[in-house]
Amino acid sequence: MNRDEYMRQLQWQIASLYQDHQLLSEVYWDGGRGARWLIGKPGTRNMLSEIIAGTCGSLVVHGDCDLSRFAHYGDHADAFSRLCWMGFCRDVGYYAAQKASIGMGRSGRGSDEYDEDVAKHDIQAYIGELKAEGDFQRRDQEELIELLTESLEWTENERDLRGFLSERDKWDLWEHTFGRVVATPVITGHLALQRCAYLLVDKYGDEGPPECRPSKGSAA
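Residues numbered from 1 in each chain as written. Predicted model: local features only at pLDDT ≥ 70, side-chain atom pairs only at ≥ 80, totals over all residues. Heavy atoms only, no water.

With that out of the way, let us pick up the pattern of salt bridges. Considering all chains together, one arrives at eight salt bridges under this definition. Across the salt bridge formed by E158 and R180, the nearest N and O atoms sit 2.4 Å from each other. With E158 in helix α6 (residues 158-168) and R180 in strand β7 (residues 180-182), this pair connects stretches of sequence that are 22 residues apart. What makes E158 buried here is its relative accessible area of 18%. For E207, the salt bridge is made with R213, and the minimal N-O distance between the two is 3.8 Å. Judged by its relative accessible area of 52%, E207 is exposed. (Salt bridge = Lys/Arg side-chain N within 4 Å of Asp/Glu carboxyl O. Helix = DSSP H or I, 4+ residues; strand = E, 2+ residues; numbered from the N terminus. Buried < 20%, exposed > 50% of the residue type's maximum accessible area, 1.4 Å probe, protein only.)

The subject of this paragraph is the packing of aromatic side chains. Inspection of the entire model under this criterion finds six aromatic pairs. Judged by centre distance (5.2 Å) and plane angle (35°), the ring pair of Y73 and W85 falls under tilted. You can see Y73 sitting in the loop between β5 (65-70) and α2 (79-87) and its partner W85 sitting in helix α2, a full 12 residues away along the chain. Seen in terms of ring centroids, W85 and Y95 are 6.4 Å apart; in terms of plane orientation they differ by 85°. Their pairing is edge-to-face. (Phe/Tyr/Trp six-rings, centres within 6.5 Å; stacked < 30°, edge-to-face > 60°.)

This is how it looks when you write it as structure tokens:
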């Protein structure tokens, strides 16, 4: 399973947890520049998610899920446009992850994490590439393939894998991001934003909540 397959599988799993969510409450302030939305299933706190469109063009998602923050949006001042910017973004693997990395940078949490199955796939794919290169520097290449093959026994966690490779590394293997995938909080946060955006469009139409419409087109 490669990085993209891992992300799609996780998206399907998490999306199923949000499919019955409803818009439970909404609050707006500062002429629609700020907003707070609560989505969830009535009568349960499972995956209850609070979304805050706050200052500096950011979106914060928290509740019965890990915290995520996406930044920075500046095309329009209103909170609904900010929600749609990320909620309707289809490029989760790069764009949404990049904005989460910016938003979460100061907290020390990045936008990616490690997965053992993906690490095994990445290493095996790299071995395949090396074997396809032919006889150029064959001895050195065979040594590298042998090391990578042995490393498949050290993929249980990223620390062990990097430790094993670094002790024998003369090929700059530290440059490879074996097993790195989009972090679960990024995917969860994005799907919460997506569900909230669709609920608001269903309720108010494409223009969104009336409280946010006066500031359409103004700079953030």
